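Here are the chains, one letter per residue:
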Amino acid sequence: MNISPVSELSSDLVQLVPLTAEHTQAFYQAGKDDSLWRLVTPHQCRDLDTATAWVNDSLTKAKIGEHIVFVIIDRQSGKIVGSTRYCSIDRENKGIEIGFTFIAPEFQRSHINTHAKYLMLGHAFEQFGAIRVQFRTHENNQKSRNAIARLGATFEGIMRNQRILPDGSIRNTAQFCVTDFDWPQVKKQLLAKIEGAATREKAPLALCDIAKQMVEHAPLAQLSIACGDNQLAQTIYLPLWYDSKRNKLTGHLSAHNKLNWLLENGPGVNLVFQGEDAYVSPTWHEEQVVPTWNYQRLHLSG
């Protein structure tokens, strides 16, 4: 695998520029929010001194060829909004990892991650000649796992006791991968996401009158979120009400609720509203060969 220097990777909305010491202040500002480090220890941007030490260490790793480190620039605002890098470079076996990614919270529900990972995957396969690109994250970091799965990476499993963290705790790591065989289809899907995000207008919620009445009468919904590697643990009950003026379903989640982290990445969602139900005596019907339970149920997905 030929790992050559990277001057810049760019799309119409995102630039990936090699990290320099001059980026330190903006790097720190992008990474200082505590929520970014809830499952990542230690907090590498706790203060400017900590961030400076991490930048210096990253530059050392880049100099000796262990890492290729970028700052992520939002081209619309010109701001540095995060960082990402190539690491775990295995030249002999043509493997590489994309990791150490953080994106400022105000840019997480945006184009930034999709564009950045599209650029890095493309360069890894088409310029470096990689046959495998992996992603790893904390087993319990469902937000990160969902974001990786949405890129088209395949979940390969949990690496148990993979890392001892600075506080002495032991981390199990969720591992994902894209191979050179996968890349053409993954590339096609990512391009569709990028082009779709640039052109689509969100269609208004279309509920018939009986569905609106049902939601207004029984607003408690079972909310399920699709996730590529973990389909079973993403369901809660949540009251939602129909806002007729905005033609939207609206509800509230705690900022610390696991599903709130998932929703920040715009996954597929399924809602089930359970309406009225009642026992009906068979003797009420003339033929009596009928269901004895009537119920209403509304499924919405998108």
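Residues numbered from 1 in each chain as written. Predicted model: local features only at pLDDT ≥ 70, side-chain atom pairs only at ≥ 80, totals over all residues. Heavy atoms only, no water.

Enquirer: Looking at this structure, how should I read the packing of aromatic side chains?
Expert: Centre distance and the angle of the planes are the two values used to describe a pair of aromatic rings. Per the counting criterion, the structure on display carries ten aromatic pairs. Considering the side-chain rings of Tyr86 and Phe128, the 5.3 Å spacing of their centres and the 65° angle between planes classify their relative orientation as edge-to-face. You can see Tyr86 sitting in strand 4 (residues 79–90) and its partner Phe128 sitting in helix 3 (residues 112–128), a full 42 residues away along the chain. Plain terms: the ring middles of Phe155 and Phe176 are 5.2 Å apart, the flat faces sit at 50° to each other, and that makes the pair tilted. Of this pair, Phe155 sits in strand 7 (residues 154–164) while Phe176 sits in strand 8 (residues 170–179), placing them 21 residues apart in sequence. Under the relative-accessibility criterion, Phe176 is labelled buried at 0%. Three or more aromatic residues joined by ring pairs form one cluster here, namely Phe27, Trp37, Trp54 and Phe102. (Phe/Tyr/Trp six-rings, centres within 6.5 Å; stacked < 30°, edge-to-face > 60°. Helix = DSSP H or I, 4+ residues; strand = E, 2+ residues; numbered from the N terminus. Buried < 20%, exposed > 50% of the residue type's maximum accessible area, 1.4 Å probe, protein only.)

Enquirer: For this particular structure, what's the right way to read helix 6 (residues 209–217)?
Expert: Of the residues making up helix 6, those classed as buried are Ala211, Met214 and Val215. Down the axis of helix 6, the sector holding all buried residues measures 95°, keeping them to one side. Exposed side of helix 6, more than 90 degrees from the buried face: Asp209, Ile210, Gln213, Glu216 and His217 are the residues found there. (Arc of directions from axis to C-beta.)

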